[in-house]
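# Structural description and commentary
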Amino acid sequence: MSFTAADCERCRRDFPALARTLDGRPLAFFDGPAGTQVPNAVIDAVAGYYRTANANTHGHFPTTRETDRLLHESRETVAAFLGAADWRSVSFGQNMTTLNYSLSYALAREMRPGDEIVITQLEHEANRGPWLNLQEERGIVVREAAIGPDGRLDADDLARQIGKRTQLVAFNMASNSLGTVSDAALARRLSKEVGAWLLLDAVHYAAHFAIDAAALDADFLLCSAYKFYGPHVGILYTRPGLLERLRTDRLRTQDEEAPFRIEMGTLNHAALAGVKAAVDYIASWSTGGSQRERIVSAMQGIAAYEHELGTYYYERAQSIPGVAVHGPDFSGLRAPTVSITAGGVSPDDVARALGEEGLQVWSGHFYGLRPLEALGLAESGGVVRAGVVMYNTREEVDRLLEGVERVARGTAPH
Ligand SMILES: Cc1ncc(COP(=O)(O)O)c(C=O)c1O
């Protein structure tokens, strides 16, 4: 299913925040990699839950039963989004970071000092902190596969880092700093050869590409709904049958079955209503077939649209004097998230100047610090990052390019 510029214009009407203006000009939201705007369907689902069904779970009266049903439906919907066999593979949490820490405590109980965990230089800190903790506190060794100057993972180095002692490969699928998409199939093959678990950080990837957890053959996969038009909720996929075998931190009153056994305390029920609505919203951009098929086909259409717009920005930005564009080019699979630096102007100053024109971009490292350190960009304040999502238009990108050009030239807006 294709997603055209006309579809983009149509979808924009669904996102009330896009109507915001600054000094008479619309705000242009290029901050999607840090969290997208949400459509009315999501806002209504969250508000609707509070209006009609707000309760805790597992009781014997109408609103609690409705809450149980809603949570179940959210899991089923997310299972369809991830290509999971069923809802039992879908655990929820506050965000990806807290779920990854919880998981790390459970995995640590299966490891011994000297065992190894392999990560890459493309990791967000959320997929470094939990493992570095285990290194410091439990004598687990964390090894790191390098990237090249173009921000692509060095496949040979990944193969070198994975060895007999590797218990876990914790692998970034798409970098939120550079847009690099890495080869998860290679990570699966190499990790399988040594009998290691594969954990995929799909937080940035899931915002742009359809996920097929079963085909990826992942043991664990994490993402966050606020990156794909939903509320702030973290999602953990676990291979069927695996979570039950792990010793998670769990209250004795908590359900010991998957997917519940890693969830702590009461979930954000209203937000989970919104997660379901966000996935349904994505699926609504395709027709026919099962919900899974609609999700995949809509994501493919949106990805092609985003890729074209991302390519446009990448190529035009590159030709602005004084501007350097970082990360891989758009000749292959890549997230539409583009980081630049503008001559001698600090990234924060660039973002501030653009922000005054209503052009919302992030500056710095956005917790995706490691790739920027590897490329020598961290010390000078990081980069200026613009992310394209389904509601961004060519006109917005043109405004952004004009803004970047002005800042790089050191001239004021007209
Ligand atoms: C690639 C990547 N991994 C992990 C995270 C952390 O996700 P959360 O904010 O849900 O903890 C982010 C957030 O920006 C991210 O972009």
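Residues numbered from 1 in each chain as written. Predicted model: local features only at pLDDT ≥ 70, side-chain atom pairs only at ≥ 80, totals over all residues. Heavy atoms only, no water.

## Comments concerning the overall build of the chain
Helix and strand counts for the chain come out as 13 helices and 15 strands. Taking 22 Å as the expected radius of gyration for a compact globule of 414 residues, we find that the chain reaches 21 Å, a close match to that expectation. C-alpha extents for the chain along the principal axes are approximately 65 × 55 × 35 Å. The burial tally for the chain puts 58% of its 414 residues in the buried class. By sequence separation, contacts in the chain at least 24 residues apart represent 68% of the contacts at least 6 residues apart. Carbon and sulfur atoms make up 49% of the accessible area of the chain, which totals about 17,100 Å². Each charge class in the chain was averaged separately, 41 positive and 52 negative side chains, and the resulting centres sit 3 Å apart. (Helix = DSSP H or I, 4+ residues; strand = E, 2+ residues; numbered from the N terminus. Rg over C-alpha atoms; globule rule 2.2 N^0.38 Å. Buried < 20%, exposed > 50% of the residue type's maximum accessible area, 1.4 Å probe, protein only. Contact = heavy atoms within 4.5 Å. Areas by Shrake-Rupley, 256 points an atom, 1.4 Å probe, with all protein chains shown as cover. Lys, Arg positive; Asp, Glu negative; His and termini not counted. Charge placed at Lys NZ, Arg CZ, Asp CG, Glu CD.)

## Topic: empty space enclosed by the protein
Under the defined criterion, the tally for this structure stands at one cavity of 30 Å³ or more. The space that makes up the largest cavity amounts to roughly 50 Å³. If you trace the largest cavity, you find it lined by Ala 207, His 208, Phe 228, Tyr 229, Ile 282, Met 299, Ile 302, Ala 303 and Glu 306. At four residues, helix α10 (residues 291-318) tops the list of elements feeding residues into the lining of the largest cavity. (1 Å grid on protein atoms, 1.4 Å probe; cavity = no way out; pocket = protein on both sides within 12 Å on 5 of 7 lines; lining within 4 Å. Points joined across faces, edges and corners; volume = space filled by probe spheres on them.)

## Remarks on the nonpolar core
In terms of nonpolar packing, the biggest core is built from 107 residues, with Phe 228, Ile 235 and Tyr 313 touching the most fellow members. Ranked by the residues each element gives to this core, the list is headed by α10, at eleven residues. When residues no more than four places from it in sequence are discounted, the contact partners of Ile 235 are Val 78, Leu 82, Val 90, Ser 91, Phe 92, Leu 99, Leu 221, Leu 222, Cys 223, Ala 225, Phe 228 and Val 275. The next biggest cluster of nonpolar side chains, apart from the first, holds 27 residues, and it includes Leu 107, Leu 134, Ile 140 and Leu 222. (Core = buried A, V, L, I, M, F, W, Y, C linked by side-chain atoms within 4.5 Å.)

## So, the sheet that holds strand β14 (residues 362-364)
Strand order in the open sheet formed by four strands is β11-β12-β15-β14, and the pairing between neighbours is antiparallel. Each end of this open sheet is capped by a strand with a single partner; those strands are β11 (323-326) and β14. Neighbour to neighbour, the strand axes of the sheet diverge by 30° on average, direction disregarded. Pairing analysis gives four bridges linking strand β12 (residues 337-342) to strand β15 (residues 383-387), with the strands arranged antiparallel. (Pairing = 2+ DSSP bridges. Axes fitted to C-alpha atoms, helices over the stretch in contact; angles between N-to-C directions.)

## Re the state of the cysteines
Taken as a whole and assessed by the stated rule, the structure comprises zero disulfides. The thiol of Cys 8 is not disulfide-bonded; the next cysteine sulfur, from Cys 11, is found 4.9 Å away. Using a relative accessible area of 0% as the deciding quantity, one classes Cys 8 as buried. (Disulfide = S-S within 2.5 Å.)

## Observations concerning the pattern of salt bridges
Inspection of every chain in the model, using the stated rule, returns 26 salt bridges. A salt bridge links Asp 329 to Arg 152; its shortest N-O distance comes to 3.5 Å. Highlighted residues: Asp 329 in the loop between β11 and β12 and Arg 152 in the loop between β6 (141-145) and α6 (155-161), separated in sequence by 177 residues. Taking relative accessible area as the criterion, Asp 329 reaches 34% and is therefore assigned partly exposed. In this structure, a network of salt bridges that share partners links the residues Glu 125, Arg 128, Glu 144, Arg 370 and Glu 373. (Salt bridge = Lys/Arg side-chain N within 4 Å of Asp/Glu carboxyl O.)

## A short note on helix α9 (residues 269-283)
When the terminal C-alpha atoms of α9 are compared, their 22 Å separation across 15 residues agrees well with the 21 Å that a helix rising 1.5 Å per residue should span. Most of α9 sits out of view: 14 of its 15 residues are buried. (Expected span 1.5 Å × (residues − 1).)

## A few points about the environment of Leu 18
Note on placement: Leu 18 falls in the loop between α1 (5-12) and β1 (21-22). Overall, Leu 18 belongs to the buried group, its relative accessible area being 6%. Spatially, the C-alpha atom of Leu 18 lies 7.8 Å from that of Phe 29, the residues being eleven residues apart in sequence. Contact partners of Leu 18, with chain neighbours within four places excluded, come to Arg 12, Phe 29, Gln 37 and Tyr 391.

## Section: the side chain of Arg 75
As for its placement among the helices and strands, Arg 75 is situated in helix α3 (residues 62-82). A polar atom in the side chain of Arg 75 sits 2.7 Å from the side chain of Glu 263. Filtering out sequence-adjacent residues up to four positions away, Arg 75 remains in contact with Trp 87, Val 90, Ser 91, Phe 92, Pro 259, Phe 260, Glu 263 and Leu 267. (Polar contact = N/O pair within 3.5 Å; in protein donor to acceptor, adjacent residues only side chain to side chain.)

## Here we look at the site of the ligand
Around the ligand, a shell composed of Asn 95, Met 96, Thr 97, His 124, Ala 126, Asn 172, Asn 176, Asp 201, Val 203, Ser 224, Tyr 226 and Lys 227 is seen. Interatomic distance of 2.5 Å between a side-chain N/O atom of Thr 97 and an oxygen atom of the ligand. One of the side-chain nitrogen or oxygen atoms of Tyr 226 is found 2.5 Å away from an oxygen atom of the ligand. For the ligand, the accessible surface in isolation is 390 Å², of which the surrounding protein chains cover 92%. Partitioning the shell around the ligand into residue classes produces four nonpolar, six polar and two charged. (Near = heavy atom within 4 Å. Nonpolar A, V, L, I, M, F, W, Y, C, P; charged D, E, K, R; others polar.)

## Structural notes on the sheet that holds β6
The strand order across the open sheet formed by seven strands is β4-β10-β9-β8-β7-β5-β6, and the pairing between neighbours is mixed. Since the sheet does not close on itself, it has two edges, and those belong to β4 (90-93) and β6, each with one partner. Taken over all neighbouring pairs, the strand axes of this sheet differ in orientation by 20° on average, direction set aside. Where strand β5 (residues 116-120) lies against strand β7 (residues 166-172), three bridges are found, and the strand directions are parallel. If you follow Ile 117 over to β7, its bridge partner there is Leu 168. Strand contacts of α3: β4, β9 (220-224) and β10 (234-238), with the helix running at about 115° to β4, the strand carrying the most contacts. Against the sheet, helix α4 (residues 96-108) contacts β4, β7, β8 (197-201), β9 and β10, and its axis sits at roughly 160° relative to β9.

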